[in-house]
Amino acid sequence: MDAPSTGAADTRVIASFHLIRYAGVDAMRHMAFDRPLLRRTAGLSFWRLLGTGRGRSMSLGADLRRWALFAVWEGEPALEEFLARSPVAARWGDEAEESWHVRLAPLGSRGRWGGRDPFAAGPSAASVRRAGPARTAGDGPVAVLTRASIRPSRLVAFYRSVPDVDRELRREDGCLASIGVGEWPLARQATFSLWDDETAVTRFAYRAGAHRTVIGRVRGEGWYAEEMFARFTPYASRGTWDGHDPLRARRAE
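Calculation criteria
- Residues numbered from 1 in each chain as written.
- Predicted model: local features only at pLDDT ≥ 70, side-chain atom pairs only at ≥ 80, totals over all residues.
- Heavy atoms only, no water.
- Buried < 20%, exposed > 50% of the residue type's maximum accessible area, 1.4 Å probe, protein only.
- Helix = DSSP H or I, 4+ residues; strand = E, 2+ residues; numbered from the N terminus.
- Arc of directions from axis to C-beta.
- Contact = heavy atoms within 4.5 Å.
- Core = buried A, V, L, I, M, F, W, Y, C linked by side-chain atoms within 4.5 Å.
- Axes fitted to C-alpha atoms, helices over the stretch in contact; angles between N-to-C directions.
- Parallel < 35°, antiparallel > 145°, perpendicular 65-115°, else oblique.
- Left-handed = near helix turned anticlockwise from the far one by under 90°.
- Nonpolar A, V, L, I, M, F, W, Y, C, P; charged D, E, K, R; others polar.
- pLDDT = per-residue confidence, 0-100.

A. Summary view of helix 2 (residues 76-85). Listed as buried for helix 2 are Glu 76, Ala 78, Leu 79 and Phe 82. Each buried residue of helix 2 sits inside an arc of 165° when the element is viewed along its axis, so together they form one side. Away from the buried face of helix 2 by more than 90 degrees, exposed residues Pro 77, Ala 84 and Arg 85 are located. On its buried face, helix 2 is in contact with strand 1 (14-21), helix 1 (30-39), strand 3 (62-73), helix 3 (87-95), strand 4 (98-111) and strand 8 (224-239).

This is the structure we're talking about:
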């Protein structure tokens, strides 16, 4: 990854997101084989191996050649050790047709993932909530992770809403990149996205449109059994995502 942080982010909880594209669909075997290795990884306090969708938000279509890892680390050295010595990271270098990696300083989160707060493993939940530099609206790129366990009775309503939200995302100038990811087919879904700044995130979330309508229904009709929303400062990235690094293009402006 480009220029790992050498400041405060080195010693506090950080996260990372890794998007890996393989040449063939047999890459799904890594979802099973990588789990024991990740469980034994020192300094890795939380992780999820994720399949990816074909749309920009949560969708029914799956891309069986592309997989993702979201991870929370006890500090920068733990991530460095993983990238240098783990057979999982070594295979990414040897077998991936394309890969993109980003380091993330948590700015804030709410909710749980599998009954856990992924960012509570550090010195304290409060200190994790304050991680990253002070931010103001419009101040630099933001990464957003949303995830949900969808109630079975709400699956049809949820997936009927996805195409309209996808279309809004494609038209959104402030969205640098976005991908739907998930743990289980259909019911446990997430979206990872990159935005110009906090203002762009707020504009998409709260202006009138398909996304705001869906959020209203989620709350009013109880679509989710569990959910989490987290924001990060993406402070170092390496590789390409669909042929380019969306953060490098943003930094070059």
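B. Up close: the nonpolar core. By size, the foremost hydrophobic cluster in this structure holds 27 residues, and its most contacted members are Phe 17, Phe 70, Trp 100, Leu 104, Phe 192 and Phe 232. Mapped by element, the contributors of at least two residues to this core are strand 1, strand 2 (44-53), strand 3, strand 4, strand 5 (142-150), strand 6 (175-184), strand 7 (188-195) and strand 8. Apart from residues no more than four positions distant in its own chain, Phe 192 is found in contact with Phe 17, Trp 100, Val 102, Leu 104, Ala 143, Val 144, Leu 145, Ala 177, Ser 178, Ile 179 and Trp 241. Residues Tyr 22, Met 31, Trp 47 and Trp 92 belong to the second largest nonpolar core, which totals 19 residues.

C. Representation of the packing of helix 2 against helix 3. Closest axis-to-axis distance for the helix 2/helix 3 pair is 5 Å, and the angle between their directions is 55°. Classified by the angle their axes make, helix 2 and helix 3 are oblique. Between helix 2 and helix 3 the crossing geometry is right-handed. Here Phe 82, Leu 83 and Arg 85 of helix 2 come into contact with helix 3, specifically with Pro 87, Val 88, Ala 89 and Trp 92. Class assignment of the residues belonging to the contact of helix 2 with helix 3 gives a composition of six nonpolar, no polar and one charged.

D. Representation of the environment of His 244. Mapped onto the fold, His 244 is located in the loop between strand 8 and helix 8 (246-252). Considered as a pair, His 244 and Trp 100 are 144 residues apart in the sequence and their alpha carbons are 9.0 Å apart.

E. Quick look at the confidence of the model for the protein chain. Scored by pLDDT, the protein chain has a mean of 81; 80% of the residues are at 70 or more. Mean pLDDT per element in the protein chain: helix 4 (residues 125-129) is the minimum at 37, and helix 2 is the maximum at 97. pLDDT under 50 marks residues 3-10. Its contacts with residues more than four places away, or in other chains, come to 15 contacts.

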